[in-house]
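Fold and contact review
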Amino acid sequence: MAEITEVGGIKLGKLLAEGKTKQVYDVPSQPGYSILLNKDRITAHNGVRSHDLEGKATISNQTNAKVFTLLNQAGLKTAFVRTVSDDAFLARKCEMIPIEWVTRRLATGSFLKRNPGVKEGYRFSPPKQETFYKDDANDDPQWSEEEIVSAEFKVNGLTIGLNETDIMQRTSILVFEILERVWGSLNCALVDMKIEFGVDSEGKILVADVIDSDSWRLWPSGDKRLMVDKQVYRNLATVSADDLDTVKRNFLWVSEQLDKLRLKNEHLVVVMMGSAADMDHCETICKYCEDFGLNVEMRVTSAHKSTSTTLQILKEYESAWSNLVFITVAGRSNGLGPVLSGNTNYPVINCPPMKPHTMSLDVWSSLNLPSGLGCATVLYPEAAALNAAQILGLDNILVWARLRVKQLDNFVVLMLADKRLRRIRHWE
Ligand SMILES: Nc1ncnc2c1ncn2[C@@H]1O[C@H](COP(=O)(O)OP(=O)(O)OP(=O)(O)O)[C@@H](O)[C@H]1O
Ligand SMILES: [Mg+2]
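Residues numbered from 1 in each chain as written. Chains lettered and ligands numbered in written order. Predicted model: local features only at pLDDT ≥ 70, side-chain atom pairs only at ≥ 80, totals over all residues. Heavy atoms only, no water.

The angle between the axes and the distance between the axes are what describe a pair of packed helices. Two elements in contact, helix H4 (residues 162–185) and helix H13 (residues 397–421), have axes separated by 10 Å at closest approach and are oriented at 175 degrees. Taken together, the axes of H4 and H13 are roughly antiparallel relative to one another. Its residues assigned to classes, the contact of H4 with H13 comprises 13 nonpolar, 3 polar and 7 charged. (Axes fitted to C-alpha atoms, helices over the stretch in contact; angles between N-to-C directions. Helix = DSSP H or I, 4+ residues; strand = E, 2+ residues; numbered from the N terminus. Parallel < 35°, antiparallel > 145°, perpendicular 65-115°, else oblique. Nonpolar A, V, L, I, M, F, W, Y, C, P; charged D, E, K, R; others polar.)

Scanning the model with the defined rule gives 31 salt bridges in all. Note that glutamate 18 and lysine 39 form a salt bridge whose closest N and O atoms lie 2.6 Å from each other. With a gap of 21 residues between them, glutamate 18 in strand E3 (residues 15–18) and lysine 39 in the loop between strand E5 (33–38) and strand E6 (41–44) connect regions that are remote in the sequence. Put simply, aspartate 259 and lysine 66 hold a salt bridge, and the shortest N to O gap is 3.1 Å. With a gap of 193 residues between them, aspartate 259 in helix H6 (residues 241–259) and lysine 66 in helix H1 (residues 56–73) connect regions that are remote in the sequence. On the basis of relative accessible area, aspartate 259 is assigned to the exposed category, the value being 53%. Exposure remark for lysine 66: the relative accessible area of 24% places this residue in the partly exposed category. Here the residues in one salt-bridge network are Lys22, Glu100, Lys134, Lys194, Glu196 and Asp209, joined through shared partners. (Salt bridge = Lys/Arg side-chain N within 4 Å of Asp/Glu carboxyl O. Buried < 20%, exposed > 50% of the residue type's maximum accessible area, 1.4 Å probe, protein only.)

This part covers the domain arrangement of the protein chain. According to the domain assignment, the protein chain consists of domain 1 (6–91), domain 2 (95–259) and domain 3 (268–395). Here the C-alpha centroids of domain 1 and domain 2 sit 17 Å apart. Opposite the 32 residues of domain 1 that make contact, domain 2 presents 38 residues. Each partner contributes to the roughly 2,900 Å² buried at the junction of domain 1 and domain 2, and carbon and sulfur atoms together form 66% of this total. Ranking the residues of domain 1 by area buried against domain 2 places Asn46, Arg49 and Ile59 at the top, with a combined share of 18%. Along the contact surface separating domain 1 from domain 2 lie 4 salt bridges. Counting the contacts that link domain 1 with domain 2 gives 19 residue pairs in polar contact (both at pLDDT 80 or more). Looking at the side of domain 1 that touches domain 2 element by element, the count peaks at 11 residues for H1. (Domains from an automatic or database assignment. Contact = heavy atoms within 4.5 Å. Buried area = accessible area lost by both parts, 1.4 Å probe. Polar contact = N/O pair within 3.5 Å; in protein donor to acceptor, adjacent residues only side chain to side chain.)

Moving on, we get to the environment of methionine 354. Along the chain, methionine 354 turns up in the loop between strand E22 (348–350) and helix H10 (359–362). You can call methionine 354 partly exposed: its relative accessible area is 21%. On a C-alpha basis, the gap between methionine 354 and aspartate 409 in space is 28 Å, while along the polypeptide they are 55 residues apart. Leave out the neighbours within four places in its chain, and methionine 354 touches Met359, Asp362, Val363 and Leu379.

Attention now goes to the nonpolar core. Leu179, Ile211 and Trp216 are the most contacted members of the largest nonpolar core, which totals 59 residues. At 9 residues, the largest contribution of residues to this core is made by H4. Two domains each donate at least three residues to this core, and these are domain 1 (6–91) and domain 2 (95–259). Other than its neighbours up to four places away in sequence, isoleucine 211 contacts Thr63, Asn64, Val67, Phe68, Leu71, Val175, Leu179, Met193, Ile195 and Trp216. If you look at the next biggest cluster of nonpolar residues, it comprises 22 residues, including Cys286, Cys289, Leu392 and Leu403. (Core = buried A, V, L, I, M, F, W, Y, C linked by side-chain atoms within 4.5 Å.)

Turning our eyes to something else, we now look at the sheet that holds strand E21 (residues 324–329). Pairing within the open sheet is parallel, and its 5 strands lie in the order E20-E19-E21-E22-E23. Lying at the two open borders of the sheet, with one neighbouring strand each, are strand E20 (296–300) and strand E23 (376–377). Note that E21 and E22 share 3 bridges and pair parallel. Bridging across to E22, threonine 328 finds its partner in asparagine 350. The strands that helix H12 (residues 381–392) touches are strand E19 (268–273), E21, E22 and E23; relative to E21, the one it contacts most, it runs at about 165 degrees. (Pairing = 2+ DSSP bridges.)

Spatially, E3-E4-E5-E9-E8 is the arrangement adopted by the 5 strands of the open sheet, whose pairing is antiparallel. The open sheet is flanked by E3 and strand E8 (80–85), the only strands paired with a single partner. The mean inter-strand angle of the sheet, taken between neighbouring strand axes irrespective of direction, is 25 degrees. Taken together, the 5 bridges between E5 and strand E9 (residues 88–92) define a ladder with antiparallel strand orientation. Note on E9: the bridge partner recorded for leucine 37 is alanine 88. Across the sheet, H1 is in contact with E5, E8 and E9; its angle to E8 comes to roughly 150 degrees.

Laid out in structure tokens, this is it:
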């Protein structure tokens, strides 16, 4: 490639790494960041097959940006920052962990060669996790978890032990499950995929490298014969110009599909309070809802004192929204939640603002419901928002993904606390 000194108005520093499909440049103006520049090059079988493919860099850059933007929006820690030109993007500068993390939903390809007794299409549930040591000279051998831990990789000051390996395993499954949902909503089966991790200058493990049509098997309508990923190129006996054109058209189709993603479905959480005195409690609920990317609105109405208005408000929302959750906040006797619940098909979550000295009395007005009612009751604002997100996440990929990332974050926080506090204390 000709020497390049600038992309998208950003001056490039020294070339840090160059592989088969990308160059990595330092960015002198932004320490801790790098520019990844895609090449118009397609390779397979560890570089044994390799062709120039004009336009591939731009398509890869677009697919990668769409995928990583989504993962970032879900709250996942990734190296991707933003695209800076047609064929380059800005990323956190990482030292890479030399392992490929493969996640499979269906058995196919190399898995069948290594496990000849398994039929093609065998469905892994949960998804199957495999790891391969990045070593071109030895055809990227499969490694066990024990081999990864035993290697004691030191990456940007972080030693990769059992905890770090566990985090990457869980993150790989999570990335797969999010993208499987994304592709499922576009009527494509994500069969398997590969990701890589790096460690940034702060010692954080990030999903890094790229995720594009090189990274996965993708079968439209779940039909292997319709595959649109790099396997088409790998499978060719000989490679003609027409074949390369087909591969490129497939890659472009994949990138365009991602534009059709319906990420923000119409939905609303209505936080209804019996009195404006409960405002702070409701604000906290709203803040947690917004953290999950939920649309939220607050209303004040008392089911005891302004019953007909309460029901009128309910009917207004029912007429305007199909994905709707009510969170009701009423102290003392909670008429609001049960009355709403008795008059709507939409989920109602009671989150009464409890005072410690009356809590054991008041909570029963939310819990001990007349027959025919099914509202839920939680005591904490975060729990109310979580419950609403779980309901709306059934039909909203981004909300579902944020919940999934939050689960992983909870796990990581606990694991890191354990790592920090783990001490063996012996009596003499
Ligand atoms: N955020 C990042 N910071 C620094 N380096 C990165 C980052 N993301 C990816 N890289 C590295 O960029 C290099 C070039 O990528 P490329 O995919 O072209 O390599 P490759 O020929 O496939 O070889 P490899 O088998 O190492 O991936 C790789 O070594 C990759 O690990
Ligand atoms: Mg690579």
